[in-house]
Amino acid sequence: MTGNCLHRKGANNCVRLNSLGPGGMDNICCYDKESKLIQSNEVEGGTLQRYHYLKGKSIQPFFDNFYYDVIPFVYCCRYSKHKSKGMGTSNCHQYLRRRPRSSCLHYVPPRPALTVGDPHFTSLDGYKYSFNGVGEFVYLRTDDKSFQSQIRLEQFRKANGDLSEASVCTSFVSQHLNQSAVVEIRLDSANIAKVLVNGDLINFDESLSYQFQGVSVIQSPPVTLDAEATEKVYQVSFTSGISFQTTASTNVLNIIPVVGNTLLSGHLRGLLGDFDGDLSNDLRTPSDGILLPTSSSKEIYRNFGLLWMISEKESLFTYKDATTYSDFQNPSFVPTFETPSDLPEDVVEVCGDDKECIFDYAVSGSQELATETRKGTQRFKSFLDAFALRKSREKDQKAGL
């Protein structure tokens, strides 16, 4: 989660562990304005911390971290009498012996997935497909069902009020059973989006960051202070190593799930695949049947996607305004499977060569939805570039895997 850069000069943002590390320790990594990791032996970057700021066994929340980690850092490195350049002081070297700097040695990048627009999915292993169902579905779950994430897809309504042959994500909910709170993010016509924790509405007016049992929820500061902002970005991070970056607009929730827990490899199921490093088997059904990766959109819709529809008993969603589970399920809905031939005149200007954007614009008739799809795809490519995964995934996709 995002940390406080107050004690790290030159840092644009810092991240730290969501929960206590071994022995109650913490780890801070700081990045500069170019999103590059700051090397702590040269300037003020991140280091290991003896105590996490959260409460733990024999750990006083905030106080122990401040007394045993923050104050020594400030004394030895920031205001040392033997100060030279950056953290290159004799006192700071002594500090770094006790609080070693973070490194990327043996680091395994987490794997991001994507759900964008008239839902276009990229699985955790990099398989791309479209599933335009209407209902509530298993988005991601562990094979023992200890972690559950569910997604709601609703039929897209055009500006004139007519329903289109397209669907979009309007809500998703997740929980680590008996170990975390239930977190739901849903579109809201008045506020763009709402966040519910255990069914209760969370207010971000006083704080942009909240910590609950087993999960943290952060709303990113708006890029502008414009009261008419049409986008909100949330980060939901579970201590089990699964997180979701959610971008909410007036039309759709675009989601980038990230799994950083390698112990879950091969043990995930749902619309995002099984996380085993093999994108050819990601169309795995609840009964463990596997569709070929060359399956058509219609085959994927009928023989994969619809099979992951949840039951009322399984639902983690909080229903509002007298709505019930059955109000959101429509297994008989038939979407448009192929891009229509009669494209909008300005499709190239709006979408360029983005195939998902072109599809969404043609089917929904909404330039706004198409633009959100293109932005979501570009944001995802930035994620892949950051984790050095983009080239390897494109190679696999071209190989027909």
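Before any of the text, the structure's been laid out above.
None of these values were measured; they are calculated from a predicted model.

Definitions and cut-offs
Residues numbered from 1 in each chain as written. Predicted model: local features only at pLDDT ≥ 70, side-chain atom pairs only at ≥ 80, totals over all residues. Heavy atoms only, no water. Helix = DSSP H or I, 4+ residues; strand = E, 2+ residues; numbered from the N terminus. Buried < 20%, exposed > 50% of the residue type's maximum accessible area, 1.4 Å probe, protein only. Contact = heavy atoms within 4.5 Å. Areas by Shrake-Rupley, 256 points an atom, 1.4 Å probe, with all protein chains shown as cover. Pairing = 2+ DSSP bridges. Polar contact = N/O pair within 3.5 Å; in protein donor to acceptor, adjacent residues only side chain to side chain. Axes fitted to C-alpha atoms, helices over the stretch in contact; angles between N-to-C directions. Parallel < 35°, antiparallel > 145°, perpendicular 65-115°, else oblique. Left-handed = near helix turned anticlockwise from the far one by under 90°. Nonpolar A, V, L, I, M, F, W, Y, C, P; charged D, E, K, R; others polar. Disulfide = S-S within 2.5 Å. Expected span 1.5 Å × (residues − 1). Arc of directions from axis to C-beta. Core = buried A, V, L, I, M, F, W, Y, C linked by side-chain atoms within 4.5 Å. Phe/Tyr/Trp six-rings, centres within 6.5 Å; stacked < 30°, edge-to-face > 60°. Lys NZ or Arg CZ within 6 Å of the ring centre and 35° of its normal.

Some details on the overall build of the protein chain
Part 1 of the argument: In terms of regular secondary structure, the protein chain is built from seven helices and 19 strands.
Part 2 of the argument: A total of 401 residues make up the protein chain; the buried ones form 49% of that total.
Part 3 of the argument: Of the contacts formed within the protein chain by residues at least 6 apart in sequence, a portion of 52% connects residues at least 24 apart.
Part 4 of the argument: Summed over all atoms, the accessible surface of the protein chain reaches about 20,200 Å², with 51% contributed by carbon and sulfur.

Comments concerning the sheet that holds strand S2 (residues 26-31)
Part 1 of the argument: Reading across the sheet, the three strands line up as S1-S2-S3 and stay open at both edges, with antiparallel pairing between neighbours. Every other strand in the sheet has two partners, leaving strand S1 (13-16) and strand S3 (48-49) as the edge strands with one partner each.

Here we look at the side chain of Asn132
Part 1 of the argument: Tracing the sequence through the fold places Asn132 in the loop between strand S7 (128-130) and strand S8 (135-142).
Part 2 of the argument: You can call Asn132 buried: its relative accessible area is 3%.
Part 3 of the argument: Polar side-chain contacts of Asn132 include one of 2.9 Å to the side chain of Asp118.
Part 4 of the argument: Apart from residues lying up to four places away in sequence, Asn132 is in contact with Asp118, Pro119, Ser167, Tyr301, Phe333, Pro335, Thr336 and Phe359.

Re the packing of helix H5 (residues 355-364) against helix H6 (residues 367-386)
Part 1 of the argument: Across the interface, H5 lies against H6 with an axial gap of 8 Å and an inter-helix angle of 165°. Here H5 lies roughly antiparallel to H6, going by the angle between them. Crossing of H5 over H6 shows right-handed handedness. Of the residues in H6, those touching H5 at Glu356, Cys357, Asp360, Tyr361 and Ser364 are Gln367, Leu369, Ala370, Thr373 and Arg374.
Part 2 of the argument: Counted by class, the contact of H5 with H6 contains four nonpolar, three polar and three charged residues.

Quick notes on the pairing of strand S14 (residues 209-212)
Part 1 of the argument: Across four bridges, the pairing between S14 and strand S15 (residues 215-219) is antiparallel. Paired with Gln211 across the bridge in S15 is Ser216.
Part 2 of the argument: What sits between S14 and S15 in their antiparallel hairpin is a turn of two residues, with Gly214 showing a positive phi close to 70°.

A short note on the environment of Ser220
Part 1 of the argument: Structurally, Ser220 can be placed in the loop between S15 and strand S16 (231-238).
Part 2 of the argument: Put simply, Ser220 and Lys232 are twelve residues apart on the chain and 7.4 Å apart in space, counted from C-alpha to C-alpha.

Here's the deal with the state of the cysteines
Part 1 of the argument: Under the defined criterion, the tally for this structure stands at two disulfides.
Part 2 of the argument: The side chain of Cys77 participates in a disulfide bridge whose partner is Cys92; the two sulfur atoms lie 2.0 Å from each other. The disulfide joining Cys77 to Cys92 has a torsion of about 95° about its S-S bond and is therefore right-handed. Of the two residues, Cys77 is situated in helix H1 (residues 63-78) and Cys92 in helix H2 (residues 90-98); the sequence distance between them amounts to 15 residues.

Description of H6
Part 1 of the argument: Compared with an ideal rise of 1.5 Å per residue, which puts 20 residues at 28 Å, H6 spans 29 Å between its outermost C-alpha atoms and is within 8% of the ideal.
Part 2 of the argument: Along H6, the residues that are buried comprise Leu369, Ala370, Glu372, Thr373, Gly376, Thr377, Phe380, Phe383 and Leu384. When H6 is viewed along its axis, its buried side chains cluster within an angular range of 160° and face the same direction.

Remarks on the nonpolar core
Part 1 of the argument: Tyr129, Phe131, Leu140, Ile151, Phe244 and Leu271 are the most contacted members of the largest nonpolar core, which has 57 residues in total.
Part 2 of the argument: Among residues more than four places away in sequence, those in contact with Phe131 are Pro119, Phe121, Phe137, Leu153, Leu271, Tyr301, Gly305 and Leu306.
Part 3 of the argument: If you look at the next biggest cluster of nonpolar residues, it comprises eight residues, including Val70, Phe73, Val74 and Leu96.

A look at H5
Part 1 of the argument: With eight of ten residues buried, H5 lies mostly within the body of the structure.
Part 2 of the argument: Those residues of H5 lying buried are Cys357, Ile358, Phe359, Asp360, Tyr361, Ala362, Val363 and Ser364.
Part 3 of the argument: Packed against the buried residues of H5 are strand S6 (120-122), strand S9 (147-157), strand S10 (163-176), helix H4 (347-351) and H6.
Part 4 of the argument: Here H5 starts with a cap whose side-chain oxygen sits 3.1 Å from the backbone nitrogen of Glu356, and that cap is Asp354.
Part 5 of the argument: Just past H5, the residue Gly365 takes up positive phi, approximately 75°.

So, the packing of aromatic side chains
Part 1 of the argument: Summed over all chains, the structure comprises 19 aromatic pairs.
Part 2 of the argument: Plain terms: the ring middles of Phe63 and Tyr67 are 5.8 Å apart, the flat faces sit at 15° to each other, and that makes the pair stacked. Linking Phe63 with Tyr67, this pair stays in helix H1, spanning four residues, or about one helical turn.
Part 3 of the argument: Look at Phe63 and you get partly exposed, because its relative accessible area is 49%.
Part 4 of the argument: Accessibility expressed as a relative area gives 45% for Tyr67, which makes it partly exposed.
Part 5 of the argument: Relative to Phe337, the ring of Tyr301 has its centre 5.5 Å away and its plane inclined at 75°; by these criteria the two rings are edge-to-face. Placement of Tyr301 in helix H3 (residues 297-305) and of Phe337 in the loop between H3 and H4 is noted, with a sequence separation of 36 residues between them. Comparing Tyr301 with Phe337, the two get one shared label, buried.
Part 6 of the argument: Each residue in the set Tyr139, Phe147, Phe172, Phe238 and Phe244 is aromatic and connected to the rest through ring pairs, giving one cluster.
Part 7 of the argument: One residue, Arg50, lies across the ring of Tyr51, its end atom 4.4 Å from the ring centre.
Part 8 of the argument: A cation over an aromatic ring shows up here: Arg152 above the ring of Phe328, its NZ or CZ 3.8 Å from the ring centre.

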